[in-house]
Amino acid sequence: MAARRFVSSVCGFLSSIFALLLIIVITRTFVLAPRKHSAEPCQPQDTDFIKVEGELLERFQAAIRFQGVSYTPHVYNGEELAKTRDFIIKSYPKVHSSPLVEYEVVANYSLLYTVRGSDALLTPFLLMGHFDVVPVENREKWEEDPFGGNVKNGFIYGRGTIDNKQTVFGILESVEYLLKNGFQPKRSFYLAFGHDEETGGLEGAAGLAERLREKGVEKLEFVLDEGMTVLDGIVPGLDKPVALIGSSEKGSLTLKMSINCTGGHSSMPEKESCIGAMARAVSLLENNPQPSMFGTGPEKATFEHIAHKMALPFRVVMSNLWLFTPAVSWMLSRKPTTNAIIRTTTAVTMFNAGVKVNVIAPYAEVVVNHRIHPSSTVQETLNYDKQLVNDPRIQWDIIAAYEPLPKSPYGDTDFGYQTIRMSAEQVWAYAGVVVAPATLIANTDTRHYLNFSENIYRFSPTYMYPDDPPRFHGVNERISVKNWEQAVNFYLHLIKNADEAKLQPLHSHGHEL
Ligand SMILES: N[C@@H](Cc1ccccc1)C(=O)O
Ligand SMILES: CCCCCC(=O)O
Ligand SMILES: [Zn+2]
Ligand SMILES: [Zn+2]
């Protein structure tokens with residue numbers, strides 16, 4: 001009898017707990033208002049819009065043909081970068097002759113523009129990008145010449161089309177168009193185009209930032225660099241495209257692990273070679289990823305901003321991360337793109353060992369490239385690796401390292417973030433785009449500008465489907481002609497939206513870009 005009473009009271013207790021959980025889950029899903037934006041629609045139609053055809057398309061194709069490759073710090077194809085620089089100066093006559101614009105070459109190849117506004121009380125903003133590119137590997141796997149700028153099936157193929165010539169030339173096309181049409185900005189703005197971003201910007205961005213300081217620039221309203229993109233069909237549970245604005249940026253740690261062995265004749269091998277020991281270390285690193293930080297950093301805000309647009313099951317889950325974090329963390333870990341948002345990533349990028357087929361390798365070295373989650377640090381990342389590998393024979397050297405960058409605000413009154421958001425919503429209104437803050441999973445030149453502003457954002461107007469992320473630094477990098485047109489118009493909208501003294505309600509847009 002007592003046992004029966006005990007069981008029924010336990011059941012009663014559990015069912016009341018379950019009922020309470022259910023009420024919390026439903027309340028958080030349907031009652032807590034999803035994040036709404038501050039801007040209301042119903043503004044006059046904004047018909048300003050650039051059609052990319054003829055010379056606008058040909059100019060971008062020509063830009064892709066320059067092979068301004070940067071390899072390691074201070075090692076790059078200077079001749080091709082000089083040609084790119086000169087092509088820019090020649091191709092945009094209004095930008096380079098308007099009395100509103102001053103421009104100068106910095107560190108031989110980079111370009112700095114000052115576009116003077118009429119209202120000195122408005123704090124200037126900065127738009128930046130880079131025109132150097134990473135080398136091309138596996139050329140035979142490319143469908144089109146990586147430096148041909150050819151159009152095939154509506155796509156412009158080439159190294160740099162999405163990293164990052166679409167930004168540099170999208171900005172230039174929009175400023176040229178605005179100046180041609182008599183645009184007189186109220187708010188001044190700067191343009192900074194670097195020539196060595198792919199090797200850390202030690203000459204370009206560093207020199208451009210120094211030049212801004214020399215010109216007396218102390219504060220920037222906001223900075224926009226390359227970064228996260230528009231993702232369509234990549235975030236699980238979201239059938240709308242999402243424009244992720246990088247309000248934070250991961251840190252970076254590039255490590256070298258090395259090991260020395262006695263070497264000798266391959267007819268008398270030890271039980272384990274240097275190569276074997278290093279292969280074991282690599283296998284441990286790849287099979288034991290750094291811990292998930294999901295829910296501790298900016299990625300939580302990303303999902304809070306998009307939850308209300310997700311399919312119901314996902315919406316319930318994303319609105320109740322207090323309960324579902326482990327499940328969501330597992331789900332996001334399954335794809336490289338979403339996994340990179342929730343943890344410090346580990347990429348073994350170089351493995352060198354061996355000198356001859358019949359000689360025991362006297363040495364082996366491996367390079368590991370970590371991108372550090374904003375909730376972690378360089379030291380934590382290194383400690384994790386060392387404890388995991390736990391091999392006293394291995395020497396650890398840090399090649400390059402810096403902490404995750406400061407987080408920028410994304411509130412309803414933050415001018416920079418809201419201006420970028422509004423511009424993305426205007427350009428991709430036809431697709432029902434959702435905009436959210438996010439962590440940039442890679443790295444940019446923005447760390448050279450931290451002293452000018454707390455409002456630093458990383459967003460490229462690139463529209464990506466599931467098969468596109470591997471094109472970054474990879475094979476068959478390309479951008480659709482339509483997306484190139486959207487990129488130009490994104491910067492056109494951004495510059496116009498930023499020219500207001502304060503946030504304006506969202507312009508309603510009828511045209512599909
Ligand atoms: N943007 C490139 C190059 C880079 C690396 C590290 C720091 C800054 C830039 C990357 O993320 O790999
Ligand atoms: C994803 C955006 C690119 C990151 C910076 C770079 O590789 O140039
Ligand atoms: Zn790159
Ligand atoms: Zn880039």
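Here we summarise the structure given alongside this text. This one's a predicted model, so the numbers in the text were calculated from it and none came from an experiment.

Considering the site of ligand 2
Line of reasoning, step 1. Neighbouring residues of ligand 2: His130, Asp163, Glu197, Glu198, Glu226, Gly227, Ala442, Asn443 and His473.
Line of reasoning, step 2. Within the contact set of ligand 2, an oxygen atom lies 3.0 Å away from a side-chain nitrogen or oxygen of Glu198.
Line of reasoning, step 3. At a separation of 3.0 Å, an oxygen atom of ligand 2 approaches a polar side-chain atom of His473.
Line of reasoning, step 4. Bound to the protein, ligand 2 loses 89% of the 280 Å² it would expose on its own.

As for the pairing of strand 10 (residues 242–249)
Line of reasoning, step 1. Among the eight residues of strand 10, eight are classified as buried, and the element is accordingly described as predominantly covered.
Line of reasoning, step 2. With seven bridges connecting them, strand 10 and strand 15 (residues 434–440) associate as parallel partners. Bridged to Leu244 within strand 15 is Ala436.

Here's the deal with helix 9 (residues 321–332)
Line of reasoning, step 1. A rise of 1.5 Å per residue sets the reference length of helix 9, with its twelve residues, at 16 Å; its end C-alpha atoms lie only 13 Å apart and thus fall more than 12% short of the reference.
Line of reasoning, step 2. All of the buried residues in helix 9 are Leu321, Val328, Ser329, Met331 and Leu332. The arc that holds the buried residues of helix 9, viewed along the axis, is 150 degrees, so those residues lie on one side. In helix 9, those exposed residues whose orientation departs by more than 90 degrees from the buried face are Pro326 and Trp330.
Line of reasoning, step 3. On its buried face, helix 9 is in contact with helix 7 (299–306), helix 8 (312–318) and helix 10 (336–342).

Looking at the coordination of the zinc ion (ligand 4)
Line of reasoning, step 1. Those protein atoms acting as donors to the zinc ion (ligand 4) are His130 (NE2), Asp163 (OD), Glu226 (OE) and Glu226 (OE), and they sit at 1.9 to 2.5 Å.
Line of reasoning, step 2. Summarised as a motif, the one-chain spacing of the donors to the zinc ion (ligand 4) is H-x32-D-x62-E.
Line of reasoning, step 3. The distance between the zinc ion (ligand 4) and the zinc ion (ligand 3) comes to 3.4 Å, with Asp163 serving as a donor to both metals. With His130 in strand 5 (residues 125–130) and Glu226 in strand 9 (residues 223–231), this residue pair connects regions lying 96 residues apart in the sequence.
Line of reasoning, step 4. We classify His130 as buried; its relative accessible area is 0%.
Line of reasoning, step 5. Residue Glu226 is classed as buried on the basis of its relative accessible area, which comes to 8%.

Cut-offs applied
- Residues numbered from 1 in each chain as written.
- Chains lettered and ligands numbered in written order.
- Predicted model: local features only at pLDDT ≥ 70, side-chain atom pairs only at ≥ 80, totals over all residues.
- Heavy atoms only, no water.
- Near = heavy atom within 4 Å.
- Polar contact = N/O pair within 3.5 Å; in protein donor to acceptor, adjacent residues only side chain to side chain.
- Areas by Shrake-Rupley, 256 points an atom, 1.4 Å probe, with all protein chains shown as cover.
- Buried < 20%, exposed > 50% of the residue type's maximum accessible area, 1.4 Å probe, protein only.
- Helix = DSSP H or I, 4+ residues; strand = E, 2+ residues; numbered from the N terminus.
- Pairing = 2+ DSSP bridges.
- Expected span 1.5 Å × (residues − 1).
- Arc of directions from axis to C-beta.
- Contact = heavy atoms within 4.5 Å.
- Donors = N, O, S within 2.8 Å, 3.2 Å for Na, K, Ca; no water.

None of this, on its own, says anything about what the molecule does.
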